[in-house]
Every structure is written in structure tokens, then in C-alpha cells.
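The primary structure of each chain is shown beneath.
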Amino acid sequence: MKHFTTLIAGSLLLSIIGTGCSQPSNSKLLKRGDDAMWQGRWTDAATDFTKATLQHPGDWEAQYKLGQCEMQMGEPQLASQSLAIAEALKPDNTDIADLYARSLFECDQQDKLFSFLYTRATKQQTVRSWNKFAQFAMDIGDPDSATNALDTAISLSDGADASPYALAATLAERLGDNNRAITLWQQAWIIDPHNENFANAIRSHGEIPGPTMTGVVNETQ
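The next thing to look at is the confidence of the model for the protein. Put simply, the protein has an average pLDDT of 89, and 85% of its residues get 70 or more. Below a pLDDT of 50 lies the segment residues 15–21, which in the model reaches three contacts outside its immediate sequence neighbourhood of four places, other chains included. A low-confidence stretch, residues 216–221 (pLDDT under 50), is modelled with eight contacts involving residues beyond four sequence positions or located in other chains.

This part takes up the nonpolar core. Grouped together as the largest cluster of nonpolar side chains are 45 residues, with contacts concentrated most on Phe116, Leu117, Leu184, Trp185 and Phe198. Discounting chain neighbours no more than four positions away, the residues touching Leu117 are Ala101, Lys132, Phe133 and Phe136. Core analysis: the second largest hydrophobic core is formed by eleven residues, Leu30, Ala36, Met37 and Cys69 among them.

If you walk through the whole model with that rule in mind, you get eight aromatic pairs. Ring geometry for Trp130 against Phe133: centres 6.0 Å apart, planes inclined by 75 degrees, an arrangement best described as edge-to-face. One end of the pair is Trp130 and the other is Phe133, both in helix 8 (residues 127–139) and three residues apart, which spans about a single turn. For the pair formed by Trp130 and Phe133, the shared burial category is buried. A connected cluster of aromatic rings, assembled from ring pairs, spans Phe114, Tyr118, Trp130 and Phe133.

The next subject is helix 11 (residues 178–191). With 14 residues, helix 11 ought to run about 20 Å at 1.5 Å a step, and its terminal C-alpha atoms sit 20 Å apart, in line with that. Of all the residues in helix 11, the buried ones are Ala181, Ile182, Leu184, Trp185, Gln186, Ala188 and Trp189.

This part takes up the side chain of Ser103. Positionally, Ser103 belongs in helix 6 (residues 94–106). Take Ser103: its relative accessible area is 0%, and that puts it in the buried class.

With that out of the way, let us pick up helix 12 (residues 196–204). For helix 12, the set of buried residues is Phe198, Ala199, Ala201 and Ile202. For helix 12, the angular spread of buried residues about the axis comes to 160 degrees, placing them on one side. Helix 12 presents Asn197 and Ser204 as exposed residues on the side facing more than 90 degrees away from its buried surface. Gly206, located one to two residues past helix 12, shows a positive phi value of around 85 degrees.

What follows concerns the packing of helix 4 (residues 60–72) against helix 5 (residues 76–89). Packing of helix 4 against helix 5 brings their axes to within 8 Å, and their N-to-C directions diverge by 155 degrees. Comparing their axes, helix 5 and helix 4 come out roughly antiparallel. When you trace helix 4 past helix 5, the crossing you get is left-handed. Here helix 4 contributes Trp60, Gln63, Tyr64, Leu66, Gly67, Glu70 and Met71 to the contact with helix 5, which in turn contributes Pro76, Leu78, Ala79, Ser82, Leu83, Ile85, Ala86 and Leu89. Grouping the constituent residues of the contact of helix 4 with helix 5 by class yields eleven nonpolar, three polar and one charged.

About the cut-offs
Here the residue numbers are simple positions, counted from 1 along each chain's written sequence. Only residues with pLDDT of at least 70 are given local features in this predicted model, and only at 80 or more are side-chain atom pairs given and counted; all residues enter the totals for whole chains, interfaces and linings. Water and hydrogen atoms were dropped before computing side-chain values, which therefore reflect all heavy atoms in the structure. Residue-level confidence of the predictor is summarised by pLDDT, bounded by 0 at the bottom and 100 at the top. Contact criterion: two residues are considered in contact whenever any of their non-hydrogen atoms come within 4.5 Å of each other. Joining through side-chain atoms within 4.5 Å is the link that ties buried Ala, Val, Leu, Ile, Met, Phe, Trp, Tyr and Cys residues into a set, and such a set is a nonpolar core. Relative accessible area decides the class of each residue, using a 1.4 Å probe on protein chains only: under 20% of the type maximum gives buried, over 50% gives exposed, and in between gives partly exposed. Each aromatic pair joins two rings of Phe, Tyr and Trp (for Trp, the six-membered one) with centres within 6.5 Å, and gets the label stacked for planes under 30 degrees apart, edge-to-face for over 60, and tilted for any other angle. Helical segments are the DSSP runs of H or I of at least four residues, strand segments are the runs of E of at least two, and each set is numbered from the N terminus. One less than the residue count of a helix, multiplied by 1.5 Å, gives the span that helix is expected to have. Taken from the helix axis, the directions to the C-beta atoms give the arc we talk about. Inter-axis angles, ranging from 0 to 180 degrees, are taken between N-to-C directions of lines fitted to C-alpha atoms, where helices are fitted over the stretch in contact. Oblique is the label for any angle not covered by the other classes, which are roughly parallel (under 35 degrees), roughly antiparallel (over 145) and roughly perpendicular (65 to 115). Crossings are classed by handedness, with left-handed meaning an anticlockwise turn of the near helix from the far one by less than a right angle and right-handed meaning a clockwise turn. Residue polarity is assigned by list, with Asp, Glu, Lys and Arg as charged and Ala, Val, Leu, Ile, Met, Phe, Trp, Tyr, Cys and Pro as nonpolar; anything else, Gly included, falls into the polar class.

Shown next as C-alpha cells:
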């Protein structure tokens, strides 16, 4: 995937050098495309954004918005191509990365999806990136990878972020491990005792969230 991204970046650089400053600005096309998107005219918007990407292949915004339109039009394969370029140009943009991952999932490119999300998570080392990898691993039926990713996310959270515990609890439920699910929901609730979703999940397993459950007194109760 790293090699693929390098090729994209290199190709874009050559394209930008080739087109130079002689090409008109994309501003009018982007504005017209934005208006069409707002009105739900996805085909018209895609036409404008396609023109923008042809004028300036290195315009990440045009590539991203074209990908958005193609997803709305039910063309995840085409969307993945536009979004791959946008993501290579803006690798820290989580919205682009999330939509690119979704496009790969919807066009059943599981190997590329796995490689992209795993590489992103290992590079960023954030709870969010490992959670995202785990979510898609769960969706493609890879519980082992999801479990490992969530273990990493939990470690990175250092007890301050309930989200990886909740995801891990959901995975445990899918795998039929209710005892582990209860423990994880309880841990999520300890971090965020005001979250009704966590409390309801605990109740669904026949437990009652509260100080007696965890040994931690919540003074607000």
C-alpha cells in the first residue's frame, strides 16, 4: 500500500508539473459542484468535479468531492480511485480516510482495505485509527484481527476512552462470549457512567450498573 501511495503521489507531481499555472482555477467548478451536491444532483456535481480533477489532478478537494458523489451514485469502485488520490494528498484527513475505507469495503476489496487501515493504524497509533481498523475487521469477518486491534486501542486509551471497550464488548457479544462482554461493558461504564447505551447494555445481560457492580462509588448517583 505504501508503494501504491508513492506511485500516486509521484504521478500527481508529474501531472501538476505538466499542467503548471496555465490551467484555469478550479474555484468556479468547485462552487458549482458544491451547489449541485447541496441540491442532491449528484450526477451534475460529479461532472463538475471530474472537470476539476482533469484540470488539476492534485486538487484534493475536487478528488474527495468526486468520490463523495460517486459513492452517492452507487459507484464505490470509481469512488475508491478518486478517494485514493485525495487520501494520498491529505493523509491526516479522517473524513477522507473513512470514506475511502467505506468505498473499499463496498466494492469488496478486502485485502486493500485491510492493508490500508492496518498501515494507517500502525503509523498513527491512535485509539481512533485502531478502532476503525477493528470495526472493519469485524465487518469482514476477521475477529482475531479485530481483537488484536481493540487490545491495542484499549492500551492506548489508558483508561480514559470508553470507545474501545464498547467495541470490544460488541465483538464479544457477536462471538457469544457474554462473560467477557459484561466485563467490557462494565469497564466502559466506569469510564463514562452517564452513557445510557453502556448502562442499557449491562442491563441486557441481567446486571445493574452502579457502585456495587464495580466497587467504584459514583457520587452523582
